Amino acid sequence: MAAPLSCDQCEELLPDYLLRALEPEALRAVTEHLSTCERCSAQLAAYEAVLDQLGQAVLQHEPPAELRSRLLAAAREGPALTPTAPEFIRLRRQPTWRPRWAFLLTAANVVLCLSVGWWTWQVQREAALVHQRWQDVQHQLALQRQAFTLITAPEARPVVLRSDKPDSRARGLLLLKPDDPHAVLIVEDLPPLPQDRAYQVWLGWGDRQRDNGGVFRVDAQGFGLLNITAPQPFTTYQRVGITEEPASGSPGPTSPRVIGGTP
Amino acid sequence: MDDAYPTDATLLARMAHRDPKALDTFYMRHARAVFSLAMTMFKEHTRATDLTQEVFLLVWQSAGAYQPTGSARAWLLRLTRNRAIDELRRDRRRLANETVLPQQALHALSAPVALADAAERQAVRDALAALPAEQRDALFLAFFQGLSHQEIATRLRTPLGTIKARIRRALQTLRQQLQGEQGH
């Protein structure tokens, strides 16, 4: 555990903190100091304003015209909508039975009854799909709110998770409060998995001891969020790893680590 | 007024309810700034395009969690900068192929066409021009190229402690200059 910083020491480290150039130990010390010091937090905001101005003063370039439509298409295929949207659209576009005038009245009635029954079933199914989608969206929003709460919590600490493979873009960020068992995991560029597979989080300590941190899936872009409630406070854990496992989870890791890090 | 020109906060709230028109308006309002910063940092059209899309998709996915504490554009550019820095630092091949010098990066900021239409940009240019060259170079390498302080020290063949001090002093000076400008 690093020694607490004085305000002078903290202020000296603020530019490095903003430029993401601090070593983990120093980052932890600055984050802890900022959580209790209004003066240094105000200094941080002032430096941040300078960097914001630098970022806005660059030579302006027009983004490619096709990026706009590409973005909107990607947004429409977003994680909360992807699993159900295609089916939803397909159901709405099903042709409806239309009895012809030449059919016998009895046959027409039978067809009409079948059509009404089919239509009712479709409406109920659509309603169930919409309800499911609404629940998915609410769940995602709740996760994102928790993530944001942790990001902005003064005592929150980020743990970067990386792949051991140099050519992999997979990465993650675990946001935690050291004395708390709750954390939020955000991952990016993890390969999407088939329906019967999922990613599982492992929280390790000691020689080979570990707890299950939960199971999650990623969207088509490899983005995923998981709200973790660990069996113990995060001060206990010395390692975090993510492996690919069966969708229902596994009692222990059965595949190589995809990404990992040290709290 | 609100319908004709919705605020960024309104657009973000609508995005949280999955309104793609709000994303479209938000994109049209800020895409140029995001793409320009990405271009300055990556110097590659394809990577800048990909990062711009990534940033706006992230906003789309997390709009409900956004709680405004400053301008949305500053928030977007911070997101862009941080992701670009992380990506640049991961890109180990960059060190072998890198040819851009701080002076070229400075050109990206000081080109008149970029700054003529904004008093704030002019103020930034003046403040940067007033910095000692060695402080400006170190700051540019850290800010626009995502180099760690150790990498800058190696590149400029200067002790690490000196690089840290230069960056710190550059930011302190800019802060005094720019906040002084705003105060008038």
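Counting restarts for each chain: residues are numbered from 1 in the order of the written sequence. Chains and ligands are labelled by the order in which they are written, letters from A for the one and numbers from 1 for the other. Given that this is a predicted model, residues contribute local features only at a pLDDT of at least 70 and side-chain atom pairs are listed and counted only at 80 or more, while totals for whole chains, interfaces and linings are drawn from all residues.

### Some thoughts on the overall build of chain A
And then number 1: The number of helices and strands found in chain A is 6 helices and 8 strands.
And then number 2: Going through the 263 residues of chain A one by one, you find that 26% of them count as buried.
And then number 3: Residue pairs qualify as contacts under a 7 Å threshold applied to their C-beta atoms, which are placed from the backbone. Taking the intrachain contacts of chain A between residues at least 6 apart in sequence as the baseline, contacts between residues at least 24 apart amount to 60%. Secondary structure elements are defined from DSSP: runs of H or I of at least 4 residues count as helices, runs of E of at least 2 residues count as strands, and each element is numbered from the N terminus. Residues with at least 20 neighbouring C-beta atoms inside 10 Å of their own are called buried, those with 12 or fewer are called exposed, and the rest are partly exposed, where every C-beta is derived from the backbone.

### Things to note about the overall build of chain B
And then number 1: Secondary structure summary: chain B contains 11 helices and 0 strands in total.
And then number 2: Here chain B, with 184 residues, has 41% of them falling under the buried criterion.
And then number 3: Considering only contacts within chain B whose residues lie at least 6 apart along the sequence, 60% involve residues at least 24 apart.

### As for unusual backbone geometry
And then number 1: Despite not being glycine, Asp189(A) shows a phi value in the positive range, around 60°.
And then number 2: Along the chain, Asp189(A) falls in the loop between β3 (182-188) and β4 (197-205).
And then number 3: With 16 C-beta atoms packed within 10 Å, Asp189(A) lands in the partly exposed category.
And then number 4: One non-glycine residue, Arg157(B), lies in positive phi territory at about 55°.
And then number 5: With respect to the element layout, Arg157(B) can be found in the loop between α10 (149-156) and α11 (160-183).

### Some details on the interface of chain A and chain B
And then number 1: Taken together, the contacts link 41 residues of chain A with 53 residues of chain B.
And then number 2: Only α1 (7-18), α3 (38-56), α4 (66-76) and α6 (105-152) of chain A provide two or more residues apiece to the side of chain A that touches chain B.
And then number 3: With 9 residues, α3(A) is the largest single contributor of residues to the side of chain A that touches chain B.
And then number 4: Residues were grouped as follows: Ala, Val, Leu, Ile, Met, Phe, Trp, Tyr, Cys and Pro as nonpolar; Asp, Glu, Lys and Arg as charged; and all remaining residues, including Gly, as polar. Among the residues forming the side of chain A that touches chain B, the class breakdown is 25 nonpolar, 7 polar and 9 charged.

### Some details on the nonpolar core
And then number 1: Grouped together as the largest cluster of nonpolar side chains are 65 residues, with contacts concentrated most on Met15(B), Val34(B), Ala38(B), Ala138(B), Leu139(B), Ala142(B) and Phe143(B).
And then number 2: The biggest single contributor to this core is helix α2 (residues 20-42) of chain B, with 13 residues.
And then number 3: Excluding residues within four positions of it along the chain, Ala38(B) makes contact with Ala48(B), Leu51(B), Thr52(B), Thr80(B) and Ala84(B).
And then number 4: Counting residues in hydrophobic clusters, the runner-up holds 27 residues, among them Leu174(A), Tyr199(A), Leu225(A) and Ile259(A). As used throughout, a nonpolar core is a set of buried Ala, Val, Leu, Ile, Met, Phe, Trp, Tyr and Cys residues joined through C-beta atoms within 7 Å of each other.

### Structural notes on α3(A)
And then number 1: Multiply 1.5 Å by the residue count of a helix minus one, and that product is the helix's expected span. Counted at 1.5 Å a residue, the expected span for α3(A) with its 19 residues is 27 Å, and the 27 Å between its end C-alpha atoms agrees.
And then number 2: Buried within α3(A) are the following residues: Cys40(A), Tyr47(A), Val50(A), Leu51(A), Gln53(A), Leu54(A) and Gly55(A).

### Focus: the packing of α1(A) against helix α2 (residues 24-36) of chain A
Two quantities define a packed helix pair, namely the angle between the axes and the distance from one axis to the other.
All names here are of chain A.
And then number 1: The geometry of α1 relative to α2 is characterised by a closest axis approach of 10 Å and an angle of 115° between their N-to-C directions. As α1 packs across α2, the resulting crossing turns out to be left-handed. Counted together, Cys10, Leu13 and Tyr17 of α1 and Ala26, Leu27, Val30 and His33 of α2 form the full contact between these two elements.
And then number 2: Taken together, the residues that form the contact of α1 with α2 break down as 6 nonpolar, 1 polar and no charged. Fitting a line to C-alpha atoms yields each axis, with helices limited to the stretch in contact; the angle taken between N-to-C directions then spans 0 to 180 degrees. Note: crossing handedness is left-handed where the near helix turns anticlockwise from the far helix by less than a right angle, and right-handed where it turns clockwise.

### Structural notes on the confidence of the model for chain B
Residues and elements named next belong to chain B.
And then number 1: Values of pLDDT, the confidence the predictor places in each residue, fall between 0 and 100. This prediction gives chain B a mean pLDDT of 79; 77% of its residues lie at or above 70.
And then number 2: Averaged over each element, pLDDT in chain B is lowest for helix α7 (residues 112-115) (38) and highest for α2 (92).
And then number 3: Predicted confidence is poor over residues 96-106, with pLDDT under 50, and the contacts of this stretch with residues over four places away or in other chains come to 10 contacts.
And then number 4: Note on residues 110-117: pLDDT under 50 across the span, and 10 contacts to partners over four residues away in sequence or across chains.
And then number 5: As scored by the predictor, the complex reaches a pTM of 0.53 and an ipTM of 0.79.

### What about the environment of Cys37(A)?
Residues and elements named next belong to chain A.
And then number 1: Its place among the elements puts Cys37 in the loop between α2 and α3.
And then number 2: Sequence separation between Cys37 and Cys10 is 27 residues, and the spatial gap between their C-alpha atoms is 9.8 Å.
And then number 3: What Cys37 contacts, discounting residues up to four positions off in sequence, is Cys7 and Cys10.

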